[in-house]
Amino acid sequence: MSAHKARRVLDQIRGRSYQETLMILELMPYRACYPIFKVIYSAAANAKHNMGLNEEYLVIIKATVDEGTTVKKLKPRARGRSYTIKRPTCHITIVLKDISLYEESVVENSIGCFKKTGWIYKKKSTDITLGTIQGHHSLWFAQPKNYSKGLQEDQKIRECIKNYVQKNMRISSGVEGIARIEIQKRIDLIQIIIHMGFPKLLVEGKPRRIEELQMNVQKELNYVNRKLNITITRITKPYGHPNILAEFIAGQLRNRVSFRKAIKKAIELTEQADTKGIQVQIAGRIDGKEIARVEWIREGRVPLQTIRAKIDYCSYRVRTIYGVLGIKIWIFVDEE
């Protein structure tokens, strides 16, 4: 097995949990999945038997492959002839990590700050600017054992709000208009601030829709002892936010509009919002082509490596009749 074939599989499982990795390897159609499956299964068995670790908390933090020696064989042919067969080999390295050991440490208890010492998922250009230029969308404190429950609760709140807005929005293009949802949790109160570009399309006709939205979220999460308060804030320039812009492009692609026309129209709308630069990238079976590809267009400056540059980022999936397309948008707002 060549290193190239093994590396194609390892790129899909790096950073994932042990249970999720086994499921992915069983479903992938590549021949290299079986030997990699055996290596990961053996590593997890050693961690459980020798170190007493729990398989549910194991995560693959390192998966590398190096080229090995080339095995040469002779294939006999007629009339005493033969030709050589070269079979490449590779060395696979898998490193597992128990994340439960790193969730037990709490740093700066007096301030109420929780910090994980393990690895983090990167989110392109926004991960290095959090805390310096951009703020967090969720503000709350939890003990280490309840940290994952709080993250899942935030995800359910955001999904419930987006589903409700999508059902009750009076617009044919399918643009929800939600730029971001901020969640602030206290002991007896949960404050949710929805930043929308077109709030009139949701509130107009039914002024009590906010109360209906609060009731739906309370039923979904079974809140009994905690109050829920939802407020809607209007954004002055909606097309200056990547989430709203990605929804606009997704609506155009669903209607079979050419991706270049959709991107150019989105760039024109962004220029009206007084932004300094934008980069739009679309990947997948664009325009129904059989071979997937990546297309991107940049207008203005987009300094992704500058920390003081305030860049809004968004990744969005859209389902079309040709398959799933991925949209990524970077908007350079300002430089501080």
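Above this text you will find the structure in question.
Residues numbered from 1 in each chain as written. Predicted model: local features only at pLDDT ≥ 70, side-chain atom pairs only at ≥ 80, totals over all residues. Heavy atoms only, no water.

> I'd like a description of the overall build of the chain, backed by residues and values.
Looking only at helices and strands, the chain has 8 helices and 10 strands in total. Split into buried and exposed, the 336 residues of the chain put 36% on the buried side. Contacts spanning at least 24 positions in sequence make up 61% of the contacts within the chain whose residues lie at least 6 apart. When the accessible surface of the chain is totalled, it reaches about 21400 Å², and 49% of it is carbon and sulfur. (Helix = DSSP H or I, 4+ residues; strand = E, 2+ residues; numbered from the N terminus. Buried < 20%, exposed > 50% of the residue type's maximum accessible area, 1.4 Å probe, protein only. Contact = heavy atoms within 4.5 Å. Areas by Shrake-Rupley, 256 points an atom, 1.4 Å probe, with all protein chains shown as cover.)

> Kindly report on the packing of helix H1 (residues 3-13) against helix H3 (residues 33-50), identifying the contributing residues and their values.
Packed helix pairs are specified by the crossing angle of their axes together with the interaxial distance, meaning the distance between the axes. At their nearest, the axes of H1 and H3 sit 10 Å apart, and the two run at 50° to each other. In terms of axis orientation, H1 runs oblique to H3. H3 is crossed by H1, and the crossing has right-handed handedness. Every residue of H3 that contacts H1 at Ala6, Val9, Leu10 and Ile13 is listed here: Cys33, Ile36 and Ile40. (Axes fitted to C-alpha atoms, helices over the stretch in contact; angles between N-to-C directions. Parallel < 35°, antiparallel > 145°, perpendicular 65-115°, else oblique. Left-handed = near helix turned anticlockwise from the far one by under 90°.)

> Could you give an account of the sheet that holds strand S3 (residues 138-139), naming the residues involved and the relevant values?
One open sheet accounts for 4 strands, arranged S3-S4-S5-S6; its pairing is mixed. Taken across any chain shown, the strands that pair with only one partner, and hence form the sheet edges, are S3 and strand S6 (227-234). Note: strand S5 (residues 189-196) against S6, 8 bridges, orientation parallel. Counted as the bridge partner of Ile190 is Leu228 from S6. Relative to the sheet, helix H4 (residues 147-168) contacts S3, strand S4 (178-185) and S5, its axis offset from that of S4 by approximately 140°. Strands S5 and S6 of the sheet are contacted by helix H6 (residues 209-221), whose axis makes an angle of about 135° with S6. (Pairing = 2+ DSSP bridges.)

> How would you summarise the pairing of strand S10 (residues 323-335) if you had to cite specific residues and measurements?
In this sheet, S10 lies alongside strand S7 (residues 277-284) in antiparallel orientation, the contact comprising 7 bridges. If you follow Gly277 over to S10, its bridge partner there is Phe332. Across 12 bridges, strand S9 (residues 309-320) lies against S10 in antiparallel orientation. Opposite Asp312, over in S10, you have Ile331 as the bridge partner. Between S9 and S10, which follow one another and run antiparallel, lie 2 residues.

> Before we move on, could you go through the packing of aromatic side chains and cite the residues and values that matter?
Summed over all chains, the structure comprises 4 aromatic pairs. Arranged with centres 6.0 Å apart and planes meeting at 80°, the rings of Tyr239 and Phe248 form a pair that is edge-to-face. Given the relative accessible area of 13%, Phe248 is considered buried. Judged by centre distance (5.4 Å) and plane angle (40°), the rings of Tyr313 and Trp330 are tilted. Taken as a pair, Tyr313 in strand S9 and Trp330 in strand S10 lie far apart in primary sequence, 17 residues in all. One Lys or Arg, Lys185, reaches over the ring of Trp140 and ends 4.8 Å from the middle of that ring. (Phe/Tyr/Trp six-rings, centres within 6.5 Å; stacked < 30°, edge-to-face > 60°. Lys NZ or Arg CZ within 6 Å of the ring centre and 35° of its normal.)

> Hey, could you go over unusual backbone geometry for me, with residue numbers and the actual values?
One non-glycine residue, Arg79, lies in the positive phi region at around 60°. Locating Arg79 in the fold gives a position in the loop between strand S1 (58-76) and strand S2 (82-98). Phi is positive for Asp274, which is not a glycine, with a value near 60°. Relative to the elements of secondary structure, Asp274 occurs in the loop between helix H8 (259-271) and S7. For Asp274, a relative accessible area of 57% puts it in the exposed group.

> An account of a positive patch on the surface is requested, with residue identities and associated values reported.
A surface patch of like charges, here positive, comprises Lys75, Arg77, Arg79 and Arg81. Mapped onto the secondary structure, Lys75 falls in strand S1. For Lys75, a relative accessible area of 37% gives the class partly exposed. (Patch = residues over 30% accessible without salt bridge, like charges linked within 9 Å, V, L, I, M, F, W, Y side chains within 5 Å. Salt bridge = Lys/Arg side-chain N within 4 Å of Asp/Glu carboxyl O. Lys, Arg positive; Asp, Glu negative; His and termini not counted. Charge placed at Lys NZ, Arg CZ, Asp CG, Glu CD.)

> Residues and numbers for the pairing of S5, please.
The two faces of the sheet receive side chains in turn, since in a regular strand these alternate between them. Most of S5 sits inside the fold, with 7 of its 8 residues counted as buried. Two strands pair when backbone bridges link them, and S4 and S5 are joined in this way by 7 bridges, in the antiparallel orientation. Bridge pairing in S5 links Ile183 to Ile192. Taking the residues between adjacent antiparallel strands as the criterion, S4 and S5 are bridged by 3 residues.

> An account of helix H7 (residues 242-254) is requested, with residue identities and associated values reported.
Between its terminal C-alpha atoms H7 stretches 18 Å, which fits the 18 Å expected from 13 residues at 1.5 Å a residue. Burial analysis of H7 places 10 of its 13 residues in the buried class, the great majority of the element. Along H7, the residues classified as buried are Pro242, Ile244, Leu245, Ala246, Glu247, Phe248, Ile249, Ala250, Gly251 and Leu253. Next to the buried residues of H7 lie S4, H8, S7, S9 and S10. Just past H7, the residue Arg256 takes up positive phi, approximately 65°. (Expected span 1.5 Å × (residues − 1).)

> Now, about H8: what can you tell me, with residues and values included?
Its 13 residues give H8 an end-to-end C-alpha distance of 18 Å, which sits within 8% of 18 Å, the value for a rise of 1.5 Å per residue. Those residues of H8 that sit buried are Phe259, Ala262, Ile263, Ala266, Ile267, Leu269 and Thr270. Buried residues in H8, looked at end-on, bunch into an arc of 160°, giving them a common side. Exposed residues lying more than 90 degrees from the buried face of H8 are Lys261 and Lys264. The elements touched by buried residues of H8 are H7, S7, strand S8 (293-300) and S10. (Arc of directions from axis to C-beta.)

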